[in-house]
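A look at the structure
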Amino acid sequence: MSRPNLTTSIATRLVDLMRRSELAEGAHVTEQWAADELEVSRTPVRKAMLFLTEVGILERIPNRGFFLARDAGALARPDLSAGEDVEQSAYFEIADDYVGGRFTGSFTVADISRRYRLTSRQADRVLSRMEAEDLVRRKAGGRGWEFQHVMATVEAHDQSYRFRMIIEPAALLEPGFTVDADAFALHRQQQEALLHGDILLLPRAELFQVNASFHEMLVGCSGNQFLLDAVRRVNRLRRLIEYRHQIDRSRLANQAREHLRLLDLVEGGDVKEASAFLSSHLDRVRTIKTGAGTEG
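What comes next concerns the included structure.

Scoring rules and cut-offs
- All residue numbers refer to positions counted from 1 along the written sequence of the respective chain.
- Owing to the predicted nature of the model, reporting of local features is limited to residues with pLDDT of at least 70; listing and counting of side-chain atom pairs is limited to 80 or more, with chain, interface and lining totals taken over all residues.
- Each side-chain value is worked out from all heavy atoms of the structure, with water and hydrogens disregarded.
- Comment: axis = line fitted to C-alpha atoms, over the contacting stretch for helices; angle = value between 0 and 180 degrees taken between N-to-C directions.
- Each helix is a run of H or I in the DSSP string that is no shorter than four residues. Each strand is a run of E no shorter than two, and both are numbered from the N terminus.
- In these notes the angle categories are as follows: under 35 degrees is roughly parallel, over 145 is roughly antiparallel, 65 to 115 is roughly perpendicular, and the rest is oblique.
- It only takes one pair of heavy atoms within 4.5 Å for two residues to be counted as in contact.
- DSSP-based pairing: two strands are paired if at least 2 bridges between them are found.
- Think of a polar contact as two N or O atoms within 3.5 Å of one another; within protein, one of them needs to be a possible hydrogen donor and the other a possible acceptor, and neighboring residues in sequence only count if both atoms come from side chains.
- Bend, at a single residue, is the angle you get between axes fitted to the 7 residues ending at that residue and the 7 residues starting at it.
- To sort residues, take the accessible area from a 1.4 Å probe on protein chains only and compare it with the maximum for the residue type: under 20% means buried, over 50% means exposed, and anything in between is partly exposed.
- We define a salt bridge as a contact between a side-chain nitrogen of Lys or Arg and a carboxyl oxygen of Asp or Glu at a distance within 4 Å.
- A helix is expected to reach a length of 1.5 Å times the quantity of its residues less one.
- In plain words, nonpolar cores are sets of buried Ala, Val, Leu, Ile, Met, Phe, Trp, Tyr and Cys residues tied together by side-chain atoms within 4.5 Å.
- Ring pairs shown here join Phe, Tyr and Trp side chains whose ring centres sit within 6.5 Å, with only the six-membered ring taken for Trp; geometry is labelled stacked below 30 degrees between planes, edge-to-face above 60, and tilted in between.
- Note on criteria: charge over ring means Lys NZ or Arg CZ within 6 Å of the ring centre, with the direction from the centre no more than 35 degrees off the ring normal.

**Here we look at the packing of helix H7 (residues 154-172) against helix H12 (residues 271-290)**
Here H7 crosses H12 at 175°, and the two axes come no closer than 8 Å. Relative to H12, the element H7 lies roughly antiparallel. Contacts between H7 and H12 involve Val154, His157, Asp158, Tyr161, Arg162, Arg164, Met165, Glu168, Pro169, Ala170 and Leu172 on the former and, on the latter, Val271, Ala274, Ser275, Leu278, Ser279, Leu282, Asp283, Val285, Arg286, Lys289 and Thr290.

**Some remarks on the pairing of strand S2 (residues 58-61)**
The two faces of the sheet receive side chains in turn, since in a regular strand these alternate between them. In terms of strand pairing, S2 meets strand S3 (residues 65-68) through four bridges, oriented antiparallel. Paired with Ile61 across the strands is Gly65, a residue of S3. Between the end of S2 and the start of S3, which pair antiparallel, lie three residues, with Asn63 showing a positive phi angle near 65°.

**A look at the environment of Arg64**
Structurally, Arg64 is set in the loop between S2 and S3. It is 14 Å that separates the C-alpha atoms of Arg64 and Thr53, two residues lying eleven residues apart in sequence.

**Observations regarding the side chain of Thr290**
Looking at the element boundaries, Thr290 is found in helix H12. Among the polar contacts listed, one links the side chain of Thr290 to the side chain of Asp158, at a separation of 3.4 Å. A distance of 2.7 Å separates a polar atom in the side chain of Thr290 from the backbone oxygen of Arg286. Setting aside anything within four residues of it in sequence, one finds Thr290 in contact with Val154, His157 and Asp158.

**A look at helix H8 (residues 181-201)**
Leu195 marks where H8 bends most, by close to 75°. Every buried residue of H8 is accounted for by Ala183, Phe184, His187, Arg188, Gln191, Leu194, Leu195, Gly197, Ile199, Leu200 and Leu201. Considering only its buried residues, H8 is in contact with helix H1 (6-20), helix H3 (42-54), helix H9 (204-220) and helix H11 (252-267).

**Considerations on the pattern of salt bridges**
Any two side chains of opposite charge can pair, so long as their charged atoms come close to each other. This model, assessed by the stated rule, comprises 25 salt bridges. Between Arg188 and Glu267 there is a salt bridge, and its shortest N-O distance comes to 2.7 Å. Within this pair, whereas Arg188 is found in helix H8, its partner Glu267 is found in helix H11, the two being separated by 79 residues in sequence. Given the relative accessible area of 43%, Glu267 is considered partly exposed. For the salt bridge of Asp283 with Arg286, the shortest nitrogen-to-oxygen distance reads 2.8 Å. You can see Asp283 and its partner Arg286 sitting in helix H12, three residues apart, about one turn around the helix.

**Some words on H7**
Over its 19 residues, H7 runs 27 Å from end to end, which matches the ideal 27 Å to within 8%, given 1.5 Å per residue. Taking the largest bend as the criterion, H7 deviates by roughly 25°, centred on Arg164. The complete set of buried residues in H7 reads His157, Asp158, Ser160, Tyr161, Arg164, Ile167, Glu168, Pro169, Ala171 and Leu172. The inward-facing, buried residues of H7 abut H9, helix H10 (225-245), H11 and H12.

**As for the nonpolar core**
Generally speaking, a soluble globular protein has its nonpolar side chains buried in company with each other. Residues Met18, Leu52 and Ile57 are the most contacted members of the largest nonpolar core, which totals 54 residues. Apart from the residues within four sequence positions on either side, Ile57 is in contact with Val15, Met18, Leu52, Phe67, Leu68, Ala69, Arg70, Leu75, Gly197, Leu200 and Leu201. Grouped together as the second largest cluster of nonpolar side chains are 29 residues, Ile94, Ala205, Leu237 and Tyr243 included.

**Here we look at unusual backbone geometry**
Here Glu22, not a glycine, exhibits a phi torsion of approximately 55°, which is positive. Along the chain, the position of Glu22 falls in the loop between H1 and strand S1 (28-29). Under the relative-accessibility criterion, Glu22 is labelled exposed at 69%. Notably, Arg117 is not glycine yet its phi reads approximately 55°, a positive angle. Within the element layout of this structure, Arg117 appears in the loop between helix H5 (109-115) and helix H6 (120-132). Residue Arg117 is classed as exposed on the basis of its relative accessible area, which comes to 59%.

**Regarding the packing of aromatic side chains**
Within this structure, the stated rule accounts for six aromatic pairs. Relative to Phe147, the ring of Tyr98 has its centre 4.0 Å away and its plane inclined at 20°; by these criteria the two rings are stacked. One end of the pair, Tyr98, is in helix H4 (residues 86-99); the other, Phe147, is in strand S5 (residues 145-147), and 49 residues separate them in sequence. Judged by centre distance (6.2 Å) and plane angle (35°), the ring pair of Phe103 and Tyr116 falls under tilted. Pair noted here: Phe103 is in the loop between H4 and H5 and Tyr116 is in the loop between H5 and H6, with a separation of 13 residues, a long-range link. Exposure class is identical for Phe103 and Tyr116. Each is buried. Linked through ring pairs, Tyr98, Phe103, Phe107, Tyr116 and Phe147 together constitute an aromatic cluster. Taking NZ or CZ as reference, Arg129 lies 3.6 Å from the ring centre of Tyr91, over its face.

Just geometry here; none of it tells us what the structure is for.
As structure tokens, then:
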């Protein structure tokens, strides 16, 4: 099963440590204390603390160090790996096994229960969730389950971003494009919340939904239902493979800042520049996630 990269993993452990230590807002969090408690060296701890500063959980004061930006008790438990919820863990294990080619063909509730150490009721609930998200479906006649057609290869993932680079920037240039002020305000709030801790604290499925719905909202403002349907379909297909990328959250702050920049450009009336910026944004994310070309 996929695991967080070192920076994300240590940042997650550090948040949990601060919660357990009941640190108050403004508490001084030293590199040495964190390194000693987590039993790691100071270099990766420093990188994790810089990341936590970037997402608004810590504040860095020059010549003084790092300080907690809010009460640790207000921080949710980060949900990046197995955690304590066996159903949530199984959900992501199934997704990871499918994308990794380790789980193919049809299957039954009993197969899921046995393979992922669940009770029959837990397996039913996991499959019901995946069915609601259009990831799996019941076979004809109701005998067993099978995966829907979803993205599972790097090549398909790359092509999906290239498709989005055609569709999404064009949507901003549609003659019927109109800013939905309420939707823009909601998504601005969500993106700002990502930069104030939610990047690390949100569950993977919710983090994916926040960012996918941002892009759907922009395309929806075009007034062209065909463009919106196309983007929604791509988002459904890429959900499982994107979950792997939610494991490493160390690069997501820049994506959130670019989303906010897009809102600024569109609300400022410069849709041509916004369209060009959106194309570049998607290409940068494509490069990071698929390893295609040279990262910009």
